[in-house]
Amino acid sequence: MPPTSSTPEFVLARPKDAPLDPPAVYTQLREEQPVTRVSLGEGRVSPWLVTRWEDARTVLGSPAFSTDPTHPGAPNHKEGKPQGPRGFFQNYDDPIHATMRRTLTREFMVKRVDALRPGIARLTDELLGDLTKLQGPVDLVEHFSLPLPSLVICELLGVPYEDHGFFQEQSNALVDMKATTQESTRAFASLGEYLLGLVRTKRATPGDDVITRLAAQADEGIITDQDAADLGAFLLFAGHETTANMIALSTVTLLQNPDQIPYLLGGPDQVAVAVEELLRYLSIVHFGLRRTALEEVTVGGVTIRAGEGLIIAINVANRDPEFFTAPDGLDLTRSNARRHLAFGYGIHQCLGQPLARAELQIALPELFRRLPELKIAVPAEEIAFKQDTAVHGIRDLPVTW
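Conventions we followed
- Residues numbered from 1 in each chain as written.
- Predicted model: local features only at pLDDT ≥ 70, side-chain atom pairs only at ≥ 80, totals over all residues.
- Heavy atoms only, no water.
- Salt bridge = Lys/Arg side-chain N within 4 Å of Asp/Glu carboxyl O.
- Buried < 20%, exposed > 50% of the residue type's maximum accessible area, 1.4 Å probe, protein only.
- Helix = DSSP H or I, 4+ residues; strand = E, 2+ residues; numbered from the N terminus.
- Phe/Tyr/Trp six-rings, centres within 6.5 Å; stacked < 30°, edge-to-face > 60°.
- Lys NZ or Arg CZ within 6 Å of the ring centre and 35° of its normal.
- Pairing = 2+ DSSP bridges.
- Contact = heavy atoms within 4.5 Å.
- Axes fitted to C-alpha atoms, helices over the stretch in contact; angles between N-to-C directions.
- Arc of directions from axis to C-beta.
- Lys, Arg positive; Asp, Glu negative; His and termini not counted.
- Polar contact = N/O pair within 3.5 Å; in protein donor to acceptor, adjacent residues only side chain to side chain.
- Parallel < 35°, antiparallel > 145°, perpendicular 65-115°, else oblique.
- Nonpolar A, V, L, I, M, F, W, Y, C, P; charged D, E, K, R; others polar.

> Could you give me a rundown of the pattern of salt bridges, with the residues and numbers involved?
A side chain of one charge can pair with a side chain of the opposite charge when the charged atoms of the two come close. A complete count under the given rule lists 24 salt bridges for this structure. A salt bridge links Asp-114 to Arg-117, with the shortest nitrogen-to-oxygen separation between them at 3.1 Å. Relative accessible area serves as the criterion here: at 25%, Arg-117 is assigned to the partly exposed category. Between Arg-370 and Asp-125 there is a salt bridge, with the nearest N and O atoms lying 2.7 Å from each other. You can see Arg-370 sitting in helix H14 (residues 353-370) and its partner Asp-125 sitting in helix H5 (residues 117-132), a full 245 residues away along the chain. The partly exposed category is assigned to Asp-125, whose relative accessible area is 42%. Taken together, the shared-partner salt bridges connect Glu-107, Arg-112, Asp-208 and Arg-213 into one network.

This is how it looks when you write it as structure tokens:
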């Protein structure tokens, strides 16, 4: 259905005066028209925008909606978006999604991730030790928030960290909202080719890592070598980009709310609650999760017809006052914060969330313990927030202590 003159445009921009908050127009829509059509621009499809927590959870948990971006009504931010390789299984429905996801499920079980915690703590200590030897101002992104998850995912996968510059470049292309479909496709292909070579290397000289185990599954005929490579590429991309941004954004948020920092420095249970609140409050996927209706469905009292697209604004839903008390304020003791949708919901919920939680629970408290006088070295209006990427973040963050 084409947009009408009264259809609000879904603008791919964050408010510069409040970069940590959802745009006010979407907050207003949540209160007045929680399921409403929005325009993606002239000649594009006109999808539904879903902004309430309850409606968002309903859509994300329902098999009546597809994540396949090649459906004619799919609300893609780039026209002609390809489905991509099977290893990037978030763009596939079952049974392909289930098959690809199942190859990795064991790697991210809570028990296995807990075994990684001492290694994450060691890397955190080493990076902070190196950082404190530098003369400030120091870019926290370059020296801490980006290298920590990059090192962790490289060790987990069995990827040489010295190649991190290459995969960071490809990751930037994948999250850049201004990148063309061709540029994104090239980034997919480059990562896949790199990991394919690594799959073959691990087959010859296996190690105790995910790529070795994926190569073994390819040998058993469960997946192909290319699937193994693409799954590795997906983890390499997803495993550092989001957590790096969360560490930097959380740091800014906490420094802007210093009264909340003590709650981050308590015991493990208290830290876990604090991290969930940061995930809820920041909800770094700011341009929505995209779905297409496979059948006629009613959402929030509105009829969605088969073939129509939806954008689920999880950052707006996670500020829903019907579900979270005083949601626009940061409260690191919030009892129901874990019911946020920052990792999605349903069968496509983020596979790596146990690892992301572990990294945040270790890195953030240790940062503020080691650097109790941490300060941002530029005025708030000069912080380089990412305005044109699918995952919200900070390009560089000069700090002193």
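That covers the picture; the talk isn't over yet.
> Run through the packing of aromatic side chains, naming residues and quoting values.
Applying the stated criterion across every chain yields a total of 4 aromatic pairs. Ring geometry for Phe-323 and Phe-324: centres 4.9 Å apart, planes at 80°, overall edge-to-face. In this structure an aromatic cluster arises from ring pairing among Trp-53, Phe-323 and Phe-324. A cation over a ring is seen here: Arg-319 above Tyr-281, with NZ or CZ 4.2 Å from the ring centre.

> Which residues make up the sheet that holds strand S1 (residues 35-37), and what values do they have?
In space, the 5 strands of this open sheet follow the order S1-S2-S8-S5-S3, with mixed pairing throughout. Sheet topology places S1 and strand S3 (65-66) at the edges, where each strand pairs with a single neighbour. Pairing of strand S2 (residues 48-50) with strand S8 (residues 309-312), which is carried by 3 bridges, proceeds in the parallel orientation. Looking at S8, one finds that Trp-48 is bridged to Leu-310. Of the strands in this sheet, S1, S2, S3, strand S5 (289-293) and S8 are in contact with helix H2 (residues 53-60), which crosses S8 at around 125°.

> Please give an account of H2 that cites residues and values.
Along H2, the residues classified as buried are Trp-53, Asp-55, Ala-56, Val-59 and Leu-60. Buried residues in H2, looked at end-on, bunch into an arc of 165°, giving them a common side.

> Explain the sheet that holds strand S9 (residues 375-376) to me, and be specific about the residues and the numbers.
To summarise the sheet geometry, strands pair through backbone hydrogen bonds and adopt either a parallel or an antiparallel arrangement. Here we have 3 strands laid out as an open sheet, ordered S4-S10-S9, and antiparallel in their pairing. Both edges of this open sheet fall to strand S4 (138-139) and S9, since each of them pairs with a single strand only. Pairing of S4 with strand S10 (residues 398-400) involves 2 bridges; the strand directions are antiparallel. Considered in S10, the bridge of Asp-139 is made with Pro-398.

> Summarise helix H7 (residues 147-157); cite the residues concerned and give the values.
Burial of H7 is extensive: 10 of the 11 residues sit out of reach of the surface. Along H7, the positions that sit buried rather than exposed are Pro-147, Leu-148, Pro-149, Ser-150, Leu-151, Val-152, Ile-153, Cys-154, Leu-156 and Leu-157. Note on H7: the residue one or two positions beyond its end, Gly-158, has a positive phi of about 90°.

> Go over the side chain of Asp-139, please, and point to the residues and values.
For Asp-139, the position within the fold is in strand S4. It is Lys-386 that comes nearest to the buried, bridge-free Asp-139 among opposite-charge side chains, at 10 Å. One polar contact links the side chain of Asp-139 to the main-chain amide nitrogen of Val-141, over a distance of 3.0 Å. Discounting residues that sit within four places of it in the chain, Asp-139 has contacts with Arg-395, Asp-396, Leu-397 and Pro-398.

> Tell me about the packing of helix H9 (residues 181-204) against helix H10 (residues 210-219), residues and numbers included.
Contact pair H9 / H10: the axes reach a minimum separation of 9 Å and the direction vectors enclose 80°. Considered as vectors, H9 and H10 are oriented roughly perpendicular to each other. Here Leu-195, Leu-198, Val-199, Lys-202 and Arg-203 of H9 lie close against H10, whose contacting residues are Ile-211, Thr-212, Ala-215, Ala-218 and Asp-219. Split by residue class, the contact of H9 with H10 holds 6 nonpolar, 1 polar and 3 charged.

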